[in-house]
Each structure stands twice: as structure tokens, then as C-alpha cells.
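Geometric and topological summary
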Amino acid sequence: MTAPSRDRVSSRRKALVVCTHLRPSRDKRRSNYYMQPITGLHIGSLIDPGRFDVRLHHEDWHGPFEPRDCGGYDIVFLTGLQPDFDRMRQLAYFFRSAGAIVVGGGSICSNFPEFATRFFDVVCAGGVDTVPEVVEGFLRGSLKPIYRSAAAKISSYRVDYGLFLRSGISPMLHLIESSRGCSFKCSFCVMPNEVGAHASYSLDHFADALESTLAASARWSFRRWYPLVMLLDNNFSDDAAHMLRVAKLLGSHPKVRGWAALVTQNILHDRELIVHLARSNCILLFAGVESLDREMLARYNKKQNLGRRYNVIEDIAFAESQGIAICYGYMFDQRHQTAAEMERQIDALARNPLMPMPVYLSLVAPLAGTASFWDDLRMGHLAPNLRLRDLDGETIGHKQLADDRDAVVDFIERMFRRPWTVVSRMRILVKTLRRIVRAGSFNPVRWYVIASANFHCFIWSSATPTRPRTYLAGTDMLDPQYFERPDDLTEEDRVRYFDPVVLTDAQGGPVEWLKPYVPTNVRHTVHPIVADVEGATR
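These numbers come from a predicted model, not from an experiment. (Residues numbered from 1 in each chain as written. Predicted model: local features only at pLDDT ≥ 70, side-chain atom pairs only at ≥ 80, totals over all residues. Heavy atoms only, no water.)

Read across the sheet, 6 strands follow the order β2-β1-β3-β4-β5-β6 without closing on themselves; strand pairing throughout is parallel. Every other strand in the sheet has two partners, leaving β2 (52-58) and β6 (146-149) as the edge strands with one partner each. For this sheet, the mean angle separating the axes of adjacent strands, direction not counted, is 20 degrees. Direction of pairing for strand β3 (residues 75-79) relative to strand β4 (residues 101-104): parallel, over a ladder of 4 bridges. When the bridges of β4 are listed, Ile75 appears paired with Ile101. On the sheet, helix α3 (residues 85-97) packs against β1 (13-19), β3 and β4 and is oriented at approximately 175 degrees with respect to β3. Helix-sheet contacts for helix α6 (residues 131-140) involve β1, β2, β3, β4, β5 (122-126) and β6, and the interaxial angle to β3 is about 150 degrees. (Pairing = 2+ DSSP bridges. Helix = DSSP H or I, 4+ residues; strand = E, 2+ residues; numbered from the N terminus. Axes fitted to C-alpha atoms, helices over the stretch in contact; angles between N-to-C directions. Contact = heavy atoms within 4.5 Å.)

Laid out in C-alpha cells, this is it:
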């Protein structure tokens, strides 16, 4: 592809895509974590490079976007997860003040699009396939306030991985997706409401994206000389036939040295499939284990994890004996588990020689718009003054707890900030060495994959500065970005763009903006529970 002429470049409009991010530690810094979001990459790929000079900024990779740099853009796309929505609003103020058209997308925009129009010129509800229509409307000067597209809809377009390279983004792995969505209906997950289905790319589309990412690697990068592919599908295993076709392509590709994917726990039961994936050069599966507490899994409709004929620990041990490292996240339900019970669960994982340590830990968060969120709202279980910022998996978002509040907060503080006080580093080191031996590989890259996954919680925590937090919804500290605002900011704009978005009132009921979205079966049965929010709640 030839470079555009200087005249052509100067005549193009300037477009910016920002993947916003507020860190769980609520500080202001960057990280080079390999799991960078690729939504921004897909948005940028759908903007015509012949008419726009497109730039991509990841706040996790590059660090927070500075307000002083918001000038000079014609159109800006902002996207982020639910706890990042306030960050999207903050940046919208600066970009709109500088004269840009601001387009908002992501989870909150998809679930509550009319509400989101208060902050953005345009709102995209659903998938990224709305982007070309938004761009055409911008060029014609006839933008609509809301554009909708089914999140599981996949149109035909080329993913431009050169945008990563041009934007200075170079994660260790090649990040790619072969499908979107998930057909399971876990009640704590946003997928059932936002996507509701599973859809696959054509194999030709995936193969083209794979060649694009391989070609866009920096010359002397690890990605160029030892290409490892991370499939960021919401559920790679949802369509078995498609999964096998993609695995065959990756396993036979002359450049790909290994690959990883996100799957549901139930596929680990299929020993024949695991052997096949291992022979296809799969080196890691991120499985949706979530918990070993069967009652908790049943509460959240995680049916795919409840098969009684299989033992997930034995399944994981078998997969690792075939050379596939297994990673997973682990969730705590502070409403039903005491601090001692949660600590015992982590200790049991650390003591079991067959079980890897979780890659990440999380409290159950009442994500807005999920089935669990509406149920909790109906029952009056949500914390008073619950904010979107509190939906980070580290903040207690419910009124009722199974234990003394101070005991739960103490466990959270130690587990997320100082995990070595819960599980010793030496125990994890021994556990890691045993996993490496069981894998039966002399490849140091595979050793690194196993070790980095086992120690990830420790590495993440040690990189997090100690800052005073309450870990309680409505009272926990806010990020520095909330207070980076101009001196001449009006009271109206402060409330509109910089005050945190609140979901519940002082009694735990829905705030005014949320009431129109409350399902009918919830709207008339909200009975807030009056609790002693200063003392222990049970």
C-alpha cells in the first residue's frame, strides 16, 4: 500500500478514537498489560483513511489523555466499560469545548442510549458497525443523536492493525477476534442484554485479520520474531465447528508459534477436544471458572459450570498435562460469603497442587442493566448512592453483607492490595514450578506464560500505590481525573460532566434518570431495605 501524498494528508479530517480507562486502584498512570482493548482498533478500521487521518489512544497503554491535547480534532469516538463512563464524560467536555463532534459508545451507551445523549453529540448503541453510518452523517452534516446496531452483527471490513503500530501500541501478543458474543445467560454478565447471541466472522475474514496483525509487527519486536495470538472472543467455544476451523488454521500457520483463547469451563470436560487443541498449538485457555462454590454459580445462572459428571480441577490438570496452561478469574460474593470463607477459598486454591492461581480476583459487581442488577434493585439490595465508578469489582456495591462490614473491607484491602498477606509468595513459587514440570515442556515461553499467570495478582498489586480507600459504594475515593477541570467551569457543566453518575438514591432505590429504564416487573416492587450504613450490615 503506497503512502498518501502530502496534499492528500493535509486535506483529510482528523479523527481520534479513545479507549477510556479508570484504573481499579484509582490512581493516574499507565500500564503495558498485554490484554489491551481492541474495540478502538475496530472503530478506527471502520473510518475511511482516505478522508480521515485516524489516531488511536488507549488510556491503559498510553496513560490518561491530557485535556491540553484535546484541540485539533474534527470527530472523536469515546468508548469504555461501565466504570469508565465518567471518564468518557470528562473527555467529552474537553473535546466538545475544543469544537469536536463527540461520539460515545460502549456498555452504558448501549444499555441507556437516551441518557447518554446528555453528554455526547452522538451515541452508538450496540456494535461497532454503526461507525460508517456515523461518519457519513458527519460528512453530510446530518448526524442523528442515536445510531443502533446489533452487537452480534458482523459486517465485512478489513481490520487495520497498522493503526496499532502507527499509534505506538505494541502488546506482547497479537490480539484478534474470530467471533463476538455469547449464547449463555449468566445473570451477572452484560453479554445477554448487550449482545444476546453469538456470531462468527467468516474464516476468510479471520485469516485476513491474522495476516494484517502479523504484518504490522514492529521489526525488532517479540511479536515479530515469536508470534503468539490471543483470541479475544467473548466465548471462542460457543460455536464448536467454527472453533475447530480457526484452531486448524492457527495450528497450521507457518508463523504462529502458539495461541490462546477465552472459553467456557464446560469444554474442559471434553478430553478429546483438549488433546486436539493442544496438537493445534494452543498454549493457553482462559476458562470461565469464576468460582468453585456451586451455590454461587447456581445463583447467577452459570449452568455451564454445574455439570455433576465432571471435576473441574481434574479437567484443568489434564489440560495442563497436555501443555495447555489454564487461566481463570475468581469471584467472591460478599453477600453470601463471610471474610473467613472467602479467605479459605483462596487458601484452598493455593494449597491444591493441581489448581492454578486466579489471574484476577473480583467481587460480584451489580453491573447496570444485567439481570442481577434489576433483581437487586427490585429487592432493595443495592447500596445507597451507588455510582457507576463503583462497579469496578473491588468496591462493595450491596447493602447486605454476610459478615461484619469492617471484616469484609479488611479482606478486600489485603487481597487486592497486599495478597502476600493472604497467600505466601513461596507457596505460589512452589506451585508454579510444579505446574511447569507437569506441562512437560522445555520451551521457556511456555514457562513464562505459566509463571506470569500464577503471579499476576501479586505483580498487579505490587505495582499499585497504597492509597486510602473505603471500598464502599458511594464513599470510596475518586480518581484524580475527576478534579482536573478548568477554573472557569460552570456549576451546570460540573454536574453534567464531572460529578460521578449515580445509580441509586440515599435509600438504594433508582435515581430519576434510571427510572424510565426499570423493567415493569421491577418498577412497582422496589422496597428499599433500611440498613445501618455506618455499622455492620447482614
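This part is about a nonpolar patch on the surface. The grouping of Met426, Leu429, Val430 and Leu433 at the surface amounts to a nonpolar patch, some 350 Å² of accessible area in total. As for its placement among the helices and strands, Met426 is situated in helix α18 (residues 425-439). (Patch = residues over 30% accessible without salt bridge, like charges linked within 9 Å, V, L, I, M, F, W, Y side chains within 5 Å. Areas by Shrake-Rupley, 256 points an atom, 1.4 Å probe, with all protein chains shown as cover. Salt bridge = Lys/Arg side-chain N within 4 Å of Asp/Glu carboxyl O.)

Within this structure, the stated rule accounts for 25 aromatic pairs. Pairing Phe222 with Tyr226 gives two aromatic rings, centres 5.7 Å apart and planes at 25 degrees, and the pair type is stacked. The exposure class assigned to Phe222 is partly exposed, which follows from its relative accessible area of 35%. The exposure class of Tyr226 is buried, given its relative accessible area of 14%. Here Phe236 and Trp259 contribute two aromatic rings whose centre-to-centre distance is 5.8 Å and whose plane-to-plane angle is 75 degrees, an arrangement assigned as edge-to-face. Of this pair, Phe236 sits in the loop between β10 (228-231) and α11 (240-252) while Trp259 sits in strand β11 (residues 258-263), placing them 23 residues apart in sequence. (Phe/Tyr/Trp six-rings, centres within 6.5 Å; stacked < 30°, edge-to-face > 60°. Buried < 20%, exposed > 50% of the residue type's maximum accessible area, 1.4 Å probe, protein only.)

The tendency in soluble globular proteins is for nonpolar side chains to be buried as a group. Of all hydrophobic cores here, the largest spans 113 residues; its most connected members are Ile47, Phe77, Leu231, Leu250, Trp259, Leu285 and Phe332. In this structure, Leu285 is in contact with Ala261, Val263, Leu268, Ile274, Leu277, Ile324, Ala325, Ile326 and Cys327, ignoring residues within four places of it in sequence. Core analysis: the second largest hydrophobic core is formed by 49 residues, Cys70, Cys109, Ala365 and Phe498 among them. (Core = buried A, V, L, I, M, F, W, Y, C linked by side-chain atoms within 4.5 Å.)

Assignment of secondary structure puts Asn305 in the loop between α13 (294-299) and α14 (312-321). The contact partners of Asn305, leaving out residues within four places of it in the chain, are Gln265, Gly288, Val289, Arg294 and Leu297.

Strand order across the open sheet formed by 6 strands is β7-β10-β11-β12-β13-β14, with parallel pairing between neighbours. The open sheet has two edge strands, β7 (174-176) and β14 (360-363), and neither has a second partner. On average, each strand axis in the sheet is inclined to that of its neighbour by 20 degrees, with strand direction left out of account. As judged from the 5 bridges shared by β11 and strand β12 (residues 282-290), these two strands associate in the parallel manner. Bridging from a neighbouring strand, Ala260 pairs with Leu284 of β12. Each of β10, β12 and β13 (325-332) is contacted by helix α19 (residues 444-454), which is oriented at about 15 degrees to β12, the strand it contacts most.

This brings us to the confidence of the model for the protein. For the protein, per-residue confidence averages 89 on the pLDDT scale, and 92% of positions sit at 70 or higher. Considering only residues more than four positions removed or in separate chains, one finds that residues 1-9, a stretch of pLDDT under 50, has 4 contacts. (pLDDT = per-residue confidence, 0-100.)

A word on the state of the cysteines. One pass over the structure, following the stated rule, counts 0 disulfides. No disulfide involves Cys109; its sulfur sits 8.0 Å from the nearest other cysteine sulfur, which is in Cys124. The buried category is assigned to Cys109, whose relative accessible area is 0%. As a non-bridged cysteine, Cys182 has Cys186 as the owner of its nearest cysteine sulfur, 6.5 Å distant. Given the relative accessible area of 11%, Cys182 is considered buried. (Disulfide = S-S within 2.5 Å.)

Let us now look at the pattern of salt bridges. One pass over the structure, following the stated rule, counts 41 salt bridges. We note a salt bridge from Asp390 to Arg26, for which the minimum N-O separation is 3.6 Å. Of the two residues, Asp390 sits in the loop between α16 (371-379) and α17 (405-417) while Arg26 sits in the loop between β1 and α2 (39-45), which places them 364 residues apart along the sequence. Residue classification places Asp390 among the buried positions, given a relative accessible area of 1%. A relative accessible area of 0% places Arg26 in the buried class. Across the salt bridge formed by Arg89 and Asp86, the nearest N and O atoms sit 2.8 Å from each other.

Located in the positive-phi region is Arg26, a residue other than glycine, with phi close to 60 degrees. In the Ramachandran plot, Asn301 falls in the positive-phi region, its phi being about 60 degrees despite a non-glycine side chain.

Moving on to the environment of Leu284. If you trace the backbone, Leu284 turns up in strand β12. Exposure remark for Leu284: the relative accessible area of 7% places this residue in the buried category. Residues Leu284 and Ser372 lie 88 residues apart in sequence; the distance between their C-alpha atoms is 30 Å. Contacts of Leu284, omitting those with residues within four sequence positions, involve Trp259, Ala260, Ala261, Ile324, Ala325, Cys327 and Val449.

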